[in-house]
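Here is what each chain is made of, one letter per residue.
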Amino acid sequence: MKLTKVALCLIAATQIPSVWAAQDETQDNYLCGNRVAGQVDSFGQTHYGCDVAAFGDTGFVEQKLSELVFDDAQTSPQDYVSALYPVLRDAASYYIEQRNAVATSEEIAAWQNAVLALAQQASFWTHYRRGIDGLIKMSRGDNGHGHGLMQIDDRAHFADIKAGKGWHLFENITFALDVYYPHWLAANDNTCVTDLEDETGLAKAQFAYAAYNAGDALQGCRFSDESTNQWAELDAQFAVKYTEKVWLDLVDDVNSDAPVNTSCFMMGDEGCVVVGTLPAAKADLGSTGRIFGETYYGSPNTIAACRTLPDDESVNVEWIRTTTNAWATFSILNLVARQGDYVQVAFEYNSLTNMCWTKEDSITWDGFEPPAPANDTLFAYKQLQLSTGETCLHSEGQFHCVTQAKDALCLTETLNQVVDPITLVLGTSLSESQEKIIYDRHQCLPVVSNLFSVGDSIELVQDMDAFASVGGSVVGNLISGSKYQVLDMVADTKYAEHRYYKVLISEAYTIAAYTEGEGETAIEHEAEFVPGVTGYVYAGMASDSSDYVAAASNIANEALVILRAGDNLKIDVADGVKMLSEVGGTEVLTIPQGTVLEVTEVTVMGDNNKVYYSIHRKGIDGLLYAGSLAPELNLNADFSVTADAVTLDNTTAVPTQDTEQQVASGGSFGVISIMLAGLFGFRRKNKQ
């Protein structure tokens, strides 16, 4: 079933009218392009499917979530459910653990089961599909009004659908659970739940579903009185799904890892990669060993259990004698096979050879010593995540790192390494075992082939959509031939090198105050600031990026967001602007209003794309901080681009408290420019 009329549950009373105002305005099958039919009650194919492209970035789905797409031409329900099950399982546990840090294992398990049943009830776990036309679709139920996995209704949540809560799998899940979870909590205060002796959590889940489906918390107990419940059949269907868990019949391995980094996507990150743990070195098959001292797996200090099958507690074949066994010679173990944490060993006792399975971590193998943490082999050609959060590669005894996982491609290019796409998470001791070098993204990313940098000007070679973020919703439709300045860049994956550029689609402006009407009925409207709109354009892969964007020349000043080397700027504020000696340095001058200066270099640095302009004034080289470009535009409005001539240097400057100003020409910024070139930022210098 779809999610409808839930505004009453989560939205404040003052907001309800705006939500309901859109309800009757959304036509059936709104933006439902290239619709394909579905199959009733079929995992992965329930409901019609409509193109995702009208709402969001299909390239993101292809690149990051392809394993969660049901391909109408070849995917089986079993393969689809096996891939999606650990994602829904992990999304549910992440959600409740973020909201209830002391949730018991029993409550987490019941909540997971409720979420899985809710997803089946809403859409039979159907979200992304690849139609027979090859295009990425999403599930659209109820004449196209229900969007995606939990069926967010565009009549009640039109603004949320436009913001991406429908098409984006993880935003869809989060939105639906934001509605369901308050009812889950409310169930604890209702006698229709508390009066039942229910250890399975079914009554609690039923209450939450009934309130969720009705869009009314007061309807949570409807499931308990079938005689007056017109929705009794729906409530009964949900109960069956919760109880029978039919999805388990299709899941290959309930303990399998999710094919995507679920918690990362649930946090709203865009550069998420699959994470794993660094595998420990293992002894070779054929090795011999023994169990020293006491063991937790059997009688303490004397024997260890050896089972018929791995992790099988029911059948014990023989006891392994440890080195502290006083009644028999200790067992010499021969390593035959390995499965997970268990090993199959062969050993003799009373002239008989036993072969069975036991836990490996209690065995000491003769002559085997795991490599030291500093061993290059342990980290070689692996993408690593340190305990401090950086993403790194290892080379010559050092971790080479970036602070954002989405920038990791520059490391593979810089170090010329081919790495597994899974990021391995290191604990504190391993993270601290090597020297760490952190690269500024603006120093590192320019090594990626054919990648434009912040401040470059580009021209669109074809019409294209702009997205709120990489993997975000459509915020604009841009025309071939349009010219923009690059405000951010994202490049991903070693071989394809998909790239995106952030551009300014429309500038910020202010609507002046005005009076509507006359006399006593007149309404005064205050001035209203309308922020600018930015978006990311997809610019292809390394092999075809020129089919999407090209370098632009003669970009108009009004299209500039930040200045270029060689541009002139004018100080616009009455109090003047402080000139810095270096990034984070002291204020060495106050430059007065009206002064025109030439920008000699532009430096961009840091994850927030902070911009600094190099200038020369009063015999001093220094910097003006121009603001930041990410995640939002936050630019310094104290100066602007101008065509006016540079002000002569004999203009009186207003000194700061630093009155000595004994800085030789080029001295102060000469030092920082070397640092920035080698360590921190990406700079542009005007050619003289």
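Residues numbered from 1 in each chain as written. Predicted model: local features only at pLDDT ≥ 70, side-chain atom pairs only at ≥ 80, totals over all residues. Heavy atoms only, no water.

J.: Explain the packing of aromatic side chains here, please?
T.: Given two aromatic rings, one states the distance between the centres and the angle between the planes to describe the pair. Applying the stated criterion across every chain yields a total of 22 aromatic pairs. On the basis of an interplanar angle of 55° and a centroid distance of 5.3 Å, the ring pair of Y30 and F158 is categorised as tilted. Remark: F158 occurs in helix α6 (residues 158-162) and Y30 occurs in the loop between α2 (16-21) and β1 (48-51); sequence separation between them is 128 residues. One aromatic cluster is present, formed by Y95, W111, Y180, Y181, W184 and Y212 through successive ring pairs. The aromatic ring of Y95 is capped on one face by R99, whose charged end is 3.4 Å from the ring centroid. (Phe/Tyr/Trp six-rings, centres within 6.5 Å; stacked < 30°, edge-to-face > 60°. Helix = DSSP H or I, 4+ residues; strand = E, 2+ residues; numbered from the N terminus. Lys NZ or Arg CZ within 6 Å of the ring centre and 35° of its normal.)

J.: Help me understand the pattern of salt bridges, please; the structure alone is not making it clear to me.
T.: Any two side chains of opposite charge can pair, given that their charged atoms come close. Inspection of the entire model under this criterion finds 23 salt bridges. Note that R99 and D178 form a salt bridge whose closest N and O atoms lie 3.7 Å from each other. Here D178 lies in helix α7 (residues 169-186) and R99 lies in helix α4 (residues 77-99), a separation of 79 residues in the sequence. The structure contains a network of salt bridges with shared partners spanning D51, D133 and K137. (Salt bridge = Lys/Arg side-chain N within 4 Å of Asp/Glu carboxyl O.)

J.: How do you make sense of the state of the cysteines when you look at a structure like this?
T.: Two cysteines joined by a covalent bond between their sulfur atoms form a disulfide. Inspection of every chain in the model, using the stated rule, returns 5 disulfides. One disulfide bridge connects C192 with C221, the sulfur atoms lying 2.0 Å from each other. Its S-S torsion of approximately -75° makes the covalent link between C192 and C221 left-handed. Of the two residues, C192 is situated in helix α8 (residues 191-194) and C221 in the loop between α9 (202-214) and α10 (232-244); the sequence distance between them amounts to 29 residues. For C192, a relative accessible area of 11% corresponds to the buried category. The disulfide that involves C410 links it to C444, with 2.0 Å between the sulfurs. (Disulfide = S-S within 2.5 Å. Buried < 20%, exposed > 50% of the residue type's maximum accessible area, 1.4 Å probe, protein only.)

J.: Honestly, the sheet that holds strand β23 (residues 483-485) in this entry has me stumped. Any pointers?
T.: For sheets, the rule is that strands pair by backbone hydrogen bonds, running either parallel or antiparallel. Pairing within the open sheet is antiparallel, and its 3 strands lie in the order β23-β20-β31. Bordering the open sheet on either side are β23 and β31 (549-551), each of which pairs with just one other strand. Shown here is a sheet whose adjacent strand axes are inclined to one another by a mean of 35°, direction ignored. By the bridge criterion, 3 bridges tie strand β20 (residues 457-460) to β23 in an arrangement that is antiparallel. Within β23, the residue paired with S457 across the bridge is Q485. (Pairing = 2+ DSSP bridges. Axes fitted to C-alpha atoms, helices over the stretch in contact; angles between N-to-C directions.)

J.: Explain the pairing of strand β30 (residues 533-538) here, please?
T.: Here is the key point about a regular strand: its side chains alternate between the two faces of the sheet. With respect to burial, β30 is a largely interior element, 5 of its 6 residues being buried. Note that strand β21 (residues 464-467) and β30 share 2 bridges and pair antiparallel. Pairing of A466 across the sheet is with V537, part of β30. Direction of pairing for strand β25 (residues 498-506) relative to β30: antiparallel, over a ladder of 6 bridges. Note that in β30 the partner of Y501 across the bridge is V537.

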